[in-house]
Amino acid sequence: MVKIAIIGAGSVSFSMKLLQDLNYYKDLSGSTVVFMDINEERLDLVYTLAEKYMKETGARLNLEKTTDRKKAIDGADFVINVVKIGGYHNMEKEREIAESLGYYRGFGDRVSDYYGGFAAYEQLKFIRELAKDVEKLTPNAWYMQVSNPVFEGTNLALRETGLKVVGFCHGYLELFHLIRVLGLDPKDVEEQVAGFNHSIFLTKFKYKGENAYPLIDKWIEEEAPKLWNSYEYMISPWEYTQLSPASVEMYRLYGLFPIGDTPRAVSPWWFHTDLNEKKKWYPAGGPDSEIGWTMYLYGLKLRLAQMERLARDPNVSIVKELPVEESMESIIPFVDAIVNNHRRRLVLNVPNQGAIPGIPDDVIVEIPVYVDKNGIEREKIEKIPSRLMLYVLIPRWLRMERILQAFQEGDRTSLLLMVMDDPRTKSFEQGKNLVETILSQPWNEEMNKHYK
């Protein structure tokens with residue numbers, strides 16, 4: 001049996017779905033699952049949830065908990081990193097600072113590095129430390145990066161260790177939202193997405209063997225305006241971004257339909273100049289507007305409250321609210337495919353190794369793969385339009401390289417150069433002021449020393 005270590009197990013974002021899948025995949029019975037978190041209250045909460053859920057489902061797992069990261073890692077076959085350092089409090093403070101200096105919604109708000117704070121420093125520092133611990137204590141383990149920034153984080157772990165590194169994101173599941181809206185039977189759909197994390201596009205789309213892109217064109221012409229004028233759309237920034245005018249315009253600009261978080265993360269800057277402009281392109285201004293992000297943070301509080309109620313109320317059945325069914329996350333299905341040789345097609349973040357022409361082999365890409373006991377087999381990727389490569393994918397790859405170069409070399413000037421590339425930067429003094437003001441904050445004392 002295998003040992004699965006979940007680092008940051010108190011995560012509100014991922015813990016419930018991990019528990020759901022650990023109980024669903026019965027062939028993992030007998031495995032040891034170690035919950036690790038430095039927040040003892042959250043750790044106890046998730047452990048209690050796991051015990052209660054396992055009793056209800058009849059699953060057979062050996063559960064452990066610890067605040068000691070190295071103890072959790074030691075001997076693990078799979079190390080799952082769901083850690084978000086520091087929560088969102090300081091990140092929101094940095095956003096306020098940036099807005100006061102002329103950067104609406106904060107610097108880097110539309111790309112995944114922002115989820116780790118300014119230049120993703122805290123997250124990257126933790127990822128490097130964790131990956132090096134894994135390499136030292138259990139070098140044959142799979143290192144699984146789940147928390148953002150997945151693109152920067154998986155590349156960092158891959159380059160600084162000799163581990164088997166893979167990244168996970170559920171954004172691609174929005175493809176099935178599109179399929180449902182088009183009224184298609186998923187069993188008759190042949191699809192493929194490719195790109196980078198939060199930057200993936202629909203490279204293949206067939207229905208009953210025929211090109212299905214004309215069905216998207218027809219929906220855009222006949223049905224999309226009805227959706228965009230509906231009340232349900234206008235109040236649902238998280239649910240309907242995939243079907244927004246932003247997605248449609250990006251399809252027209254770049255030649256392939258964007259999937260998942262892509263319409264947020266790599267959409268043109270002119271979609272985001274202010275809230276009124278955001279509302280033209282996204283429902284309620286989109287997930288990253290003042291409206292959408294407030295809803296997200298409130299949703300996290302509601303989810304935590306649900307976890308506490310399920311864990312502590314003896315009269316409440318977890319199974320009734322969290323049925324024993326697949327969560328659709330790829331994390332535990334990946335483990336099951338490796339351990340039990342259940343060959344499975346998943347969309348994962350893996351080293352390119354020739355999958356997407358024009359991208360170096362050692363850069364992590366998000367593509368469909370086949371997973372079994374032999375590891376990962378990459379699916380052949382359809383041709384990506386040159387305009388999409390030049391204006392979206394290559395710039396996003398270079399941004400990742402810049403973030404990692406600044407982090408690995410402690411290069412303060414590179415931070416400034418990244419800020420100067422932002423179209424909202426109107427002067428050299430404004431850019432320098434942003435960098436120095438954020439680095440001078442008391443919670444960024446270590447980062448200030450790091451970037452020399």
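Right, let's walk through the structure included here. Predicted model only: the values in this text are computed from it and were never measured.

Now for the pairing of strand S13 (residues 375–378). Of the pairings in the sheet, the one linking strand S12 (residues 364–372) to S13 comprises four bridges and is antiparallel in character. The partner of valine 369 across the bridge, within S13, is arginine 378. What sits between the antiparallel neighbours S12 and S13 is a turn of two residues.

Going through the model one piece at a time under the given rule, you end up with 28 salt bridges. As a salt-bridge pair, lysine 125 and glutamate 446 come within 3.2 Å of each other at their nearest N and O atoms. Separated by 321 residues along the polypeptide, lysine 125 in helix H5 (residues 121–137) and glutamate 446 in helix H20 (residues 445–450) bring together distant segments of the chain. With a shortest N-O distance of 3.2 Å, arginine 343 and aspartate 372 are connected by a salt bridge. Taken as a pair, arginine 343 in the loop between helix H16 (331–340) and strand S11 (344–351) and aspartate 372 in strand S12 lie far apart in primary sequence, 29 residues in all. Classification of arginine 343 as partly exposed rests on a relative accessible area of 48%. In this structure aspartate 372 comes out as buried when scored by relative accessible area, which is 11%. One network of salt bridges, with partners in common, ties together Lys125, Glu129 and Glu446.

Turning our eyes to something else, we now look at the packing of aromatic side chains. On inspection of all chains with the given rule, the structure shows 20 aromatic pairs. Ring centres 6.0 Å apart and planes at 55° place the aromatic pair tyrosine 121 and phenylalanine 407 in the tilted group. One end of the pair, tyrosine 121, is in helix H5; the other, phenylalanine 407, is in helix H17 (residues 386–409), and 286 residues separate them in sequence. A relative accessible area of 3% places tyrosine 121 in the buried class. Note on phenylalanine 407: relative accessible area 0%, which makes it buried. Both rings, one in phenylalanine 151 and one in phenylalanine 196, keep their centres 4.7 Å apart while their planes meet at 20°; by these two values the pair is stacked. Of the two residues, phenylalanine 151 sits in helix H6 (residues 150–160) while phenylalanine 196 sits in strand S7 (residues 189–196), which places them 45 residues apart along the sequence. Grouping residues by exposure puts phenylalanine 151 and phenylalanine 196 together as buried. Taken together, Tyr88, Trp238, Trp293 and Tyr296 form an aromatic cluster joined through their ring pairs. Across from the ring centre of tyrosine 88, 5.1 Å away, lies the NZ or CZ of lysine 84, which sits over that ring.

What counts as what
- Sequence order as written defines residue numbering, which begins from 1 separately in each chain.
- Residues qualify for local features only when their pLDDT is at least 70, as the model is predicted, and side-chain atom pairs are given and counted only at 80 or more; totals for whole chains, interfaces and linings, by contrast, use all residues.
- Hydrogen atoms and water are omitted, and side-chain values are computed over all heavy atoms in the structure.
- Here, strands pair whenever DSSP counts at least two bridges between them.
- Secondary structure elements follow DSSP: runs of H or I of four or more residues count as helices, runs of E of two or more count as strands, with numbering from the N terminus.
- Note on definitions: salt bridges are taken to be side-chain nitrogens of Lys or Arg within 4 Å of carboxyl oxygens of Asp or Glu.
- Each residue's exposure class comes from its accessible area (1.4 Å probe, protein chains only) as a fraction of the maximum for that residue type: buried when under 20%, exposed when over 50%, partly exposed otherwise.
- Under the pairing criterion, centres of Phe, Tyr and Trp rings, with the six-membered ring standing for Trp, must be within 6.5 Å; the plane angle then separates stacked pairs below 30 degrees from edge-to-face pairs above 60, leaving the rest tilted.
- Sitting over a ring, as applied to charges here, requires NZ of Lys or CZ of Arg to be within 6 Å of the ring centre and within 35 degrees of the ring normal.

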